[in-house]
Amino acid sequence: MPEPPLVVIADPVAPAALELLSKGPGRVVDASADPAMLPSKLGAAWGLVVRSRTQVTEALLSQAPQLRVVARAGVGVDNVDLKAATARKILVVNAPTAATTSVAELTVTFALLLLRDLYAAIQKTKEGGWQRGLHGAELSGKTVGLVGYGRIGREVARRLRGFGATVQAFDPLLTRSPDETPLVPFDDLLGKSDIVSLHAALTPENHHLLNAERLARLRRGAYVINVARGALLDEEALLAALNSGQVAGAALDVFETEPPTRTALLTHPHVLPTPHLGASTPEAQRRAGVQVAEELLRLLRGEEPLYLVNTEVVARP
Ligand code: MLT
């Protein structure tokens, strides 16, 4: 009798996901504690569960001849070679709604922190200082430009409106706005926003979307937030814009290389860096794990996946 399909967990996922999978018809092996163990498990793998640590490259896929599905317990699939997976007819599924609230809340937190210059105030007070007087500005009445208006962008917009901010968005994938946020050309957004916040998926086309030229088109003294992917932003250009005062401050949860290496950017007095923790809440991680576990169970039962990323794979003969 053939063995039940094997699901290999490559990166740590919420225990609830393992629990769900272990009750399903497949076998599960958790290789997340020791990445060195992964290659020995790939040969028999039917399913592979990853977060962002494992790079699902052509080389990795070539070690997994029986692989049918890669499940990304998170939103971004930039660590998965989609072309290579599609060519091998491997389904790639993700958990697109898992982190929406966590990332939206982080974005609004960053906006408030930047505008009030709160990190500096907290640091100085902890060091024994007591500087009162005018410090920072309100979010209410400011204009925030969202670059990318998918699930996360929309939730950010909803929250910002609650603070009395005006929101505008740029998204080349949308022909009309799904809500009251106006979609505007990129240049208009740059020139008319007090804060520009990135919420796009990283693709080869939008690498360094916010480059020196575009940073120069911002309102002088605008703020930049990046909670999406580091390579959407040219970090050298951002550093220059911070040094010249063109950009007043930046909050960065993601970097071109992680962990980041540009010390001058990380330690800049007007930069708030965090270690890619937008989705690092128990709520988001539980949702991500459970969503991909449910997706794998659906596939094991022969049902259609809900969150197929490389839809063209099913159309291939
Ligand atoms: C995501 O894409 O889900 C988040 O950026 C978190 C992660 O990469 O795991």
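Each chain carries its own residue numbering, running from 1 in the written order of its sequence. At least 70 in pLDDT is required for a residue's local features to be given in this predicted model, at least 80 for side-chain atom pairs to be given and counted, and no such filter applies to totals for whole chains, interfaces and linings, which use all residues. Side-chain calculation: all heavy atoms of the structure are included, whereas hydrogens and water are not.

*Asks:* How would you sum up the overall build of the protein chain? Please name residues and give values.
*Replies:* For helices the rule is a DSSP run of H or I covering at least 4 residues; for strands it is a run of E covering at least 2, with both sets numbered from the N terminus onward. If you tally the helices and strands in the protein chain, you get 13 helices and 11 strands. Computed over C-alpha atoms, the radius of gyration of the protein chain comes to 21 Å, within 12% of the 20 Å expected from 2.2 N^0.38 for 317 residues, which places it in the range of a compact globule. Dimensions along the principal axes, computed over C-alpha positions, put the protein chain at roughly 75 × 50 × 35 Å. Each residue gets one of three labels from its accessible area relative to the maximum for its type: buried under 20%, exposed over 50%, partly exposed in between, using a 1.4 Å probe on protein chains only. The buried share among the 317 residues of the protein chain stands at 48%. Only the protein chains shown count as cover for residues, with accessible areas throughout obtained via the Shrake-Rupley method and a probe of 1.4 Å. Surface summary for the protein chain: the accessible area is close to 15500 Å², and the carbon and sulfur share equals 55%. In summary, the charge assignment counts Lys and Arg as positive and Asp and Glu as negative, without counting His or the chain termini. Working definition for charges: the position is that of NZ of Lys, CZ of Arg, CG of Asp or CD of Glu. Here the protein chain contributes 33 positive and 33 negative side-chain charges, whose respective centroids are spaced 2 Å apart. Values of the radius of gyration come from C-alpha atoms, whereas the globule rule sets the reference at 2.2 Å times the count of residues to the power 0.38.

*Asks:* Go over helix 1 (residues 15–22), please, and point to the residues and values.
*Replies:* Within helix 1, burial applies to Ala16, Ala17 and Leu21. When helix 1 is viewed along its axis, its buried side chains cluster within an angular range of 130 degrees and face the same direction. Opposite the packed face of helix 1, turned more than 90 degrees from it, sit the exposed residues Pro15 and Ser22. Two residues form a contact once any of their heavy atoms are found within 4.5 Å. On its buried side, helix 1 packs onto strand 1 (6–9), strand 2 (27–30) and helix 12 (282–300). Directions from the helix axis toward the C-beta atoms define the arc.

*Asks:* I'd love a proper account of the domain arrangement of the protein chain, names of residues and values included.
*Replies:* The source of the domain bounds is an automatic or database domain assignment. Considered domain by domain, the protein chain is made up of domain 1 (6–98 + 282–300) and domain 2 (100–273). A straight line from the C-alpha centre of domain 1 to that of domain 2 covers 32 Å. Once two parts are brought into contact, the accessible area they lose, counted with a 1.4 Å probe and summed over both, makes up the buried area. On the domain 1 side of the interface with domain 2, the three residues burying the most area are Asp78, Pro96 and Thr97, jointly 57% of the side's total. For salt bridges, the criterion is a side-chain nitrogen of Lys or Arg within 4 Å of an Asp or Glu carboxyl oxygen. At the junction of domain 1 and domain 2, the tally comes to one salt bridge. Of the charged contacts in the structure, one is a salt bridge between Asp78 and Arg229, with a shortest N-O distance of 2.9 Å. The residue makeup of the side of domain 1 that touches domain 2, split by class, is three nonpolar, two polar and three charged. Classes in brief: Ala, Val, Leu, Ile, Met, Phe, Trp, Tyr, Cys and Pro nonpolar; Asp, Glu, Lys and Arg charged; the others, Gly included, polar.

*Asks:* Before we move on, could you go through the sheet that holds strand 9 (residues 222–226) and cite the residues and values that matter?
*Replies:* Strands were regarded as paired on the criterion that DSSP finds at least two bridges between them. Taken in spatial order, the six strands line up as 7-6-8-9-10-11 in an open sheet, and their pairing is parallel. What marks the edges here is a single partner per strand, and that holds for strand 7 (166–170) and strand 11 (271–273). Taken over all neighbouring pairs, the strand axes of this sheet differ in orientation by 15 degrees on average, direction set aside. When strand 6 (residues 143–147) meets strand 8 (residues 195–198), the two strands line up parallel, connected through four bridges. By the bridge assignment for strand 8, Leu146 is matched with Ser197. Against the sheet, helix 10 (residues 235–244) makes contact with strand 9, strand 10 (247–252) and strand 11, and its axis sits at roughly 140 degrees relative to strand 10, the strand it touches most. Between N-to-C directions, angles cover 0 to 180 degrees, with each direction set by a line fitted to C-alpha atoms, over the stretch in contact for helices.

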